[in-house]
Amino acid sequence: MNKLNAPKGTKDIYSPEVEKWQYFEDRIRKYFRLFSYKEIRTPIFERSELFSRGIGNETEVVQKEMYTFEDKAGRSMTLRPENTASVVRSLIEHNLMNELFPHRFFYIGPMFRYDKPQQGRYRQFHQFGVEVFGDNSPYVDAEVIFSALDFLQTLNVTDIKLFINSVGCSDCRPGYLEKLTIEAKESREHFCNDCQRKIETNPLRIFDCKVESCITLADKLPNITDHLCEDCNSHYKEVKINLQLLGLDFTENKKLVRGLDYYTKTAFEITSSKLGAQNAILGGGRYNNLVKELGGQDLPGIGFSGGIERILLNMELPQKTDSKQLFIAYQSDEAKAEAFRLSNRLRQLGYRVYQDYSTKKIAKQLQKGIKINTDFTLILAEDELKNNEISIKNFETRKQITIKREDLETWLKKNC
Ligand SMILES: [Zn+2]
Ligand SMILES: [Zn+2]
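Residues numbered from 1 in each chain as written. Chains lettered and ligands numbered in written order. Predicted model: local features only at pLDDT ≥ 70, side-chain atom pairs only at ≥ 80, totals over all residues. Heavy atoms only, no water.

**Observations concerning the overall build of the protein**
On a plain count of helices and strands, the protein comes out with 16 helices and 16 strands. For the protein, whose C-alpha radius of gyration is 28 Å, the value lies well above the compact-globule estimate of 22 Å for 416 residues. Projecting the C-alpha coordinates of the protein onto the three principal axes gives extents of approximately 90 × 60 × 40 Å. Burial statistics for the protein: of 416 residues in total, 51% are counted as buried. In the structure as shown, the protein presents an accessible area of about 21400 Å², 48% of it carried by carbon and sulfur atoms. Side-chain charges in the protein split into 62 positive and 59 negative, and the spacing between the mean points of these groups amounts to 6 Å. (Helix = DSSP H or I, 4+ residues; strand = E, 2+ residues; numbered from the N terminus. Rg over C-alpha atoms; globule rule 2.2 N^0.38 Å. Buried < 20%, exposed > 50% of the residue type's maximum accessible area, 1.4 Å probe, protein only. Areas by Shrake-Rupley, 256 points an atom, 1.4 Å probe, with all protein chains shown as cover. Lys, Arg positive; Asp, Glu negative; His and termini not counted. Charge placed at Lys NZ, Arg CZ, Asp CG, Glu CD.)

Here's what the structure looks like:
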């Protein structure tokens, strides 16, 4: 029989790695509550149109990376490549602007892109992110950026750097794009085929090209940040002032355009030097036209998403994040039954207890206790059973004590 493996670009997550995931997800839920975000869970597939309209037809994501399929009724569906478009779809569909307050959402979940798998980059990958709707204030931009950076810092994610830019708005971008098109056309034949097409259809996307020669050419093209309208300019200035107010270090990167069409004004990225060339671990920005473009009201929005696999590569699980592990060992059939009763009683009280049923040999049981990293082993041998006692062995110190059975719960309360 053929060996069945997980599809290329996907992976199974199990212990001890899965504990890191659980810890991280738990921290997301706790941290972003401080900023009044509420969780939102949207489907992992949507009608394809949502992403082509939302993300933009000429983006790398829509052009090359989407998992699109026809369902049995012949409708085109796509596994979500990102989550902002879905959150906006949900906001409009359920009229959440009127139904909920504040208009702040966070999410955690799998996304799908047909990309070349590499370190920290998968075809099924996971993102967490936040979205804030209805507030155009540059304070929100700075707060969202602050929360992203501060969250990573509280997790001791190392070697991180913040880059910011402004990508303009529907007032100033058309004029800039005209200039960009004219200049790009001058060296048109030196760009790759994709970029040659983008020059005609969506020249801003030239900056996303990963072809070395295109990157060099793009470096010499005009920057959008030098062609902002007054409104975008003053917004960008205030965002920077507010970031400084919060004591954040940032670097301006005029080539930062974030690969998705929906961004307006503020764009930002957090990178980690540990990950080599493609080193963004989190990115986001403002998207003031997206809600309207997807059929909703004229409503500003801003958010970010972080790549969980890439962040976890840069993060260590703290030494002790869980309660103490107990292991219960017994020596006879009678003790086995009593241990069985006791272990389930202790679980009801909230203790983590493991009991092995496969052998009466206490030495063999104790070996399993080592395997599950027990903190304390509770022992019910003949003497303990006869005297209504229980022995407790501390696995680290190797010290063993014997106490009365009725004192066990008090002892556990003190020591676990
Ligand atoms: Zn503008
Ligand atoms: Zn190119």
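**Structural notes on the pairing of strand S4 (residues 76-79)**
Sheet topology note: the strand S2 (residues 45-47)/S4 ladder contains three bridges and is antiparallel. Bridge assignment links phenylalanine 45 to a residue of S4, and that residue is leucine 79. Direction of pairing for strand S3 (residues 67-70) relative to S4: antiparallel, over a ladder of four bridges. Opposite glutamate 70, over in S4, you have serine 76 as the bridge partner. Counted between consecutive antiparallel strands, the loop separating S3 from S4 contains five residues, among which glycine 74 sits at a positive phi close to 80 degrees. (Pairing = 2+ DSSP bridges.)

**A few points about the environment of lysine 185**
With respect to the helices and strands, the residue lysine 185 is situated in helix H7 (residues 173-186). Judged by relative accessible area, which is 39%, lysine 185 ranks as partly exposed. Residues lysine 185 and isoleucine 199, spaced 14 residues apart in sequence, show a C-alpha to C-alpha distance of 7.1 Å. Contact partners of lysine 185, with chain neighbours within four places excluded, come to Ile199 and Glu200. (Contact = heavy atoms within 4.5 Å.)

**Quick notes on the pairing of strand S14 (residues 376-380)**
Strand residues, when the strand is regular, have side chains that alternate between the two faces of the sheet. With five of five residues buried, S14 is to be regarded as a mostly interior element. Neither face of S14 is open: one carries Phe376, Leu378 and Leu380, the other Thr377 and Ile379, and all of them are buried. Relative to S14, strand S12 (residues 325-330) runs parallel, the two sharing five bridges. In the sheet register, leucine 326 faces S14, and the bridge partner there is phenylalanine 376. Relative to strand S15 (residues 389-394), S14 runs antiparallel, the two sharing four bridges. Paired with phenylalanine 376 across the strands is asparagine 394, a residue of S15.

**As for helix H13 (residues 333-348)**
Taking 1.5 Å of rise per residue, 16 residues should cover 22 Å, and H13 covers 23 Å from first to last C-alpha, within 8% of that figure. Looking at H13, one finds that the buried residues are Ala335, Glu338, Ala339, Leu342, Ser343 and Leu346. Seen end-on, H13 carries its buried residues on one side only, within an arc spanning 135 degrees. Facing away from the buried side of H13 by over 90 degrees, the exposed positions are Asp333 and Gln348. (Expected span 1.5 Å × (residues − 1). Arc of directions from axis to C-beta.)

**Side note on the sheet that holds S14**
As summarised here, the arrangement of the five strands in space is S13-S12-S14-S15-S16, forming an open sheet in which the pairing is mixed. Edge positions in the sheet fall to strand S13 (352-355) and strand S16 (400-404), since each of these pairs with one other strand and no more. Adjacent strand axes in the sheet meet at a mean angle of 25 degrees when their direction is disregarded. In the sheet, S12 pairs with S13 via four bridges, with the strands oriented parallel. In the sheet register, isoleucine 328 faces S13, and the bridge partner there is glutamine 355. Packing against the sheet, helix H14 (residues 362-371) makes contact with S12 and S14, and its axis sits at approximately 170 degrees to S12. Contacts from helix H16 (residues 408-415) reach S12, S14, S15 and S16, with the element oriented near 135 degrees to S16. (Axes fitted to C-alpha atoms, helices over the stretch in contact; angles between N-to-C directions.)

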